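Coordinate inspection notes
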Number of protein chains: 2
Amino acid sequence: MADSPEAFVPGHVTGFFSSHAHDDPARAGSRGAGVAISDGVTVTVAPAEATTVTLDGDPVDVEAVSRVLDGLGATASVAAETPLPLGAGFGVSGAMALGTALAASEALDLAHTENELVGLAHRAEVAAGTGLGDVVAQARGGLPLRLEPGDPDHGAMDGLPARGRVEYRTFGGLSTESVLAGDTDDLSAAGDRALEELLAEPTTERFVALSRRFAEATGLPTTRVERVLADVAAAGGAASMAMLGETAFALGDGLSAAGYDPAICRIDNAGARLR
Amino acid sequence: MADSPEAFVPGHVTGFFSSHAHDDPARAGSRGAGVAISDGVTVTVAPAEATTVTLDGDPVDVEAVSRVLDGLGATASVAAETPLPLGAGFGVSGAMALGTALAASEALDLAHTENELVGLAHRAEVAAGTGLGDVVAQARGGLPLRLEPGDPDHGAMDGLPARGRVEYRTFGGLSTESVLAGDTDDLSAAGDRALEELLAEPTTERFVALSRRFAEATGLPTTRVERVLADVAAAGGAASMAMLGETAFALGDGLSAAGYDPAICRIDNAGARLR
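A brief look at the structure comes next. (Residues numbered from 1 in each chain as written. Chains lettered and ligands numbered in written order. Predicted model: local features only at pLDDT ≥ 70, side-chain atom pairs only at ≥ 80, totals over all residues. Heavy atoms only, no water.)

**A look at the pattern of salt bridges**
Evaluation of the coordinates by the stated rule reveals 30 salt bridges over all chains. Linking Arg163(B) and Glu106(A) is a salt bridge whose minimum nitrogen-to-oxygen distance equals 3.5 Å. Residue Arg163(B) is located in the loop between β7 (156-160) and β8 (165-173), and its partner Glu106(A) is located in helix α2 (residues 92-107); the two belong to separate chains. With a relative accessible area of 18%, Glu106(A) lands in the buried category. Taking the shortest distance from any N to any O, the salt bridge between Glu246(A) and Arg224(A) comes out at 2.9 Å. One end of the pair, Glu246(A), is in strand β10 (residues 245-251); the other, Arg224(A), is in helix α8 (residues 223-234), and 22 residues separate them in sequence. When salt bridges with common partners are traced through the structure, they connect Glu197(A), Glu201(A), Arg206(A) and Arg213(A) into a single cluster. (Salt bridge = Lys/Arg side-chain N within 4 Å of Asp/Glu carboxyl O. Helix = DSSP H or I, 4+ residues; strand = E, 2+ residues; numbered from the N terminus. Buried < 20%, exposed > 50% of the residue type's maximum accessible area, 1.4 Å probe, protein only.)

Here's what the structure looks like:
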C-alpha cells in the first residue's frame, strides 16, 4: 500500500432533481438524473497528527470532508486538485468527501467496502447541507439515474448507457444551501415528472431536453445562462443548466457549435476510484 | 449514433461463490466475490437481416447471446474479440451477452437503461446455464461483491476499493454447466462462509486468502493449478483458482514472482461500457 494513495472522483452535473429531506441522512437525498464527467477531483490523503485540507494548494474548510474523517475516526492531510470551480454545480464538495473516504480508508488501512465509504460520504454531504445526490452519482459514473434517494443501503440507482463529449461554460456559483433551504415542492414535483418521462424514453437526447424543461420550470437560469441555452438551441443543439450553478452544459459539441469556447471533457463511465 | 457501436466488457474471475437456483432467472444467481479485469471482450454490433455471431472471427453459437437478441426482438451481426480463453473461468459468455445487450441497444436505438440491459443479459446467461453471477459483476467492475443473487432489480452488490495488477495462467476449461448441475450444497455453504468472513474484514488480501481456502474446500483445483498455487505461496505470494476454469490468478505479481510467465492485466474499475 502506498503511503499517500490517490482517489479520483468525477465531477457530476445534475440536469434535474427532486429533493427528499429525512431526519436520517442515510435516507435523505434526491432523485433525478445527471452526468459524471472526466473533469473531476483528485484527492491525495496522507496520515497526519492533525487534519489539514487543501484545494488546489489553498487551505479550505469543507464540512463534508471533516465529517468523513470524523466518521473514520481519522486525522489526515487531505490535498484535493481540480480544474472545476467550487459551487458552480459540479459536485466538488461531494467529490472531495468521497475522494477523502476512498483515499483515507486506503492510506490508513481501514478496510471498508465501497458501499460503506460511499454511504459515509453521502451522509456527510447531506448533514453538511451542501448536496443531496452527487456522491452516489459520482460513485457510479456514466449518466446516473437516482431512482430512490439515500445512501447505497437505502437508495436505488440506474443509468443510461452513454459515451462521448461533454461541454460546459461556467459563469459562477449559486448557493445550493439557499435553494435547498427554500420551498422545494414545485421544483421536486417538476423533477419527479422529468424522471418519470426519462424512464419512459431513456435516451441521452431526452435527458438533455427534460433538463432544459426543468430549468425553465424552476426559473433558476440567470440571463447569461439563458442566453447560452437559447444560442445552442438556435444552432440546432441542446444544452441545459447545471443544478445548482451558473453553468451551461451540453452532451456533444452543442456549445462550441454555437460559437462558444467551452471547457471540453468526456462522460466518465468508471465513477470514483483509487488510482 | 454510430452504425456499429462497440461495447467493452471486462473479464471476471470469481474467487468464491454460492449458487442460488430459482425458477425465475431474474432471482437466480450467485453470491460471492471476484475481480473484474482489463482483459475483456469487445463486442461490435451492426443491424442485419439475420443474426450471425463470431468470436475472434470464427462463427460461434452462444446461447446467452441469442437469448439477449431475442429479448430485444432484434437480429444483428455480432462480432466479439477477446484475448481471453472461452470456458476457463473469465466469464466470456457473460461478457458476450452483456456486450451484445449494450451495443445492440445502441445500434438499433432501442432506448433501454443500464439496469434493463444488465438484467436482460443476466437472465439470458442464467437461462442458458452458462453462468450465475458474472454479468452483474462485469457491469459493476472493480472487485465486486455479490451480496444477494439476481438481476439489478433483485440482487444486491458491494465492492472492495482496489486497483493494480492482476496476473493469471490458464491451462484450460472446466465445464460450468457440469459443476453447477451437480450437488452444490457444500460448495455453497463454503462460499457463504467466505463472503461473511470477507465482509467482516473487507481487504483484497483477505479476498485472495478466502478464495484459496474455498478452492481447497471444493476440491476443484487440478494438479496443475494446485502446483501453481503452492509455488506462489512458497514464494511468499497469494494466488487462487478462477471459478470455474483451470486457471490460477493473483492480485499483484504473485505468479511472476514465483517464476511463472503469466498473462498480465489490471483491475478494471469501470465495468461494462460503450466506447
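**A look at the relation of the copies chain B and chain A**
By a simple turn and slide, chain B fits onto chain A: the slide is 0.0 Å along the axis, the RMSD is 0.0 Å, and the turn is 180°. When the rotation and shift are considered jointly, the pair of chain copies conforms to a two-fold rotation axis. No C-alpha of chain B approaches the rotation axis more nearly than that of Ala270(B), which lies at 1.8 Å. Both copies share a contact surface, since 96% of the interface residues of chain B are interface residues in chain A too. (Least-squares fit on C-alpha atoms with pLDDT ≥ 70 in both. Contact = heavy atoms within 4.5 Å.)

**As for α8(A)**
Residues and elements named next belong to chain A. In this model, α8 (12 residues) spans 16 Å end to end at C-alpha, consistent with the 16 Å of a helix rising 1.5 Å per residue. Every buried residue of α8 is accounted for by Val225, Val228, Leu229 and Val232. Buried residues of α8, viewed axially, fall in a sector of 95°; they line one side. More than 90 degrees from the buried face of α8, the exposed residues found are Thr223, Arg227 and Ala234. In this fold, the buried residues of α8 make contact with β8 (165-173), α7 (204-218), β9 (240-241), β10 and α9 (254-257). (Expected span 1.5 Å × (residues − 1). Arc of directions from axis to C-beta.)

**Brief notes about the sheet that holds strand β11 (residues 263-266) of chain B**
All names here are of chain B. Strand order in this open sheet of four strands is β9-β10-β8-β11, and the pairing throughout is antiparallel. Of all strands in the sheet, those with a lone pairing partner are β9 (240-241) and β11, marking the two edges. Where β8 and strand β10 (residues 245-251) come together, seven bridges link them in antiparallel fashion. If you follow glutamate 167 over to β10, its bridge partner there is alanine 250. Where helix α8 (residues 223-234) meets the sheet, its contacts fall on β8, β9 and β10, and the angle it forms with β10 comes to roughly 10°. (Pairing = 2+ DSSP bridges. Axes fitted to C-alpha atoms, helices over the stretch in contact; angles between N-to-C directions.)

**Digging into the sheet that holds β8(A)**
Residue and element names in this part refer to chain A. Taken together, the four strands give an open sheet; going across it, the order is β9-β10-β8-β11, and neighbouring strands pair in antiparallel fashion. The open sheet has two edge strands with one neighbour each: β9 and β11 (263-266). For β9 and β10, the ladder comprises two bridges, and the chain directions are antiparallel. Within β10, the residue paired with methionine 241 across the bridge is alanine 248.

**A look at the interface of chain B and chain A**
If you look at the interface, chain B gives 28 residues, while chain A gives 27 residues. Summing the contributions of chain B and of chain A, the shared interface buries around 2200 Å²; its carbon and sulfur component is 50%. Looking at the side of chain B facing chain A, the largest losses of area belong to Glu114(B), Pro161(B) and Arg163(B), adding up to 29% of the total buried there. For the pair chain B and chain A, the interface holds four salt bridges. For the salt bridge of Arg140(B) with Glu114(A), the shortest nitrogen-to-oxygen distance reads 2.8 Å. Seen at the junction of chain B and chain A, the total is 16 residue pairs in polar contact (both at pLDDT 80 or more). (Buried area = accessible area lost by both parts, 1.4 Å probe. Polar contact = N/O pair within 3.5 Å; in protein donor to acceptor, adjacent residues only side chain to side chain.)

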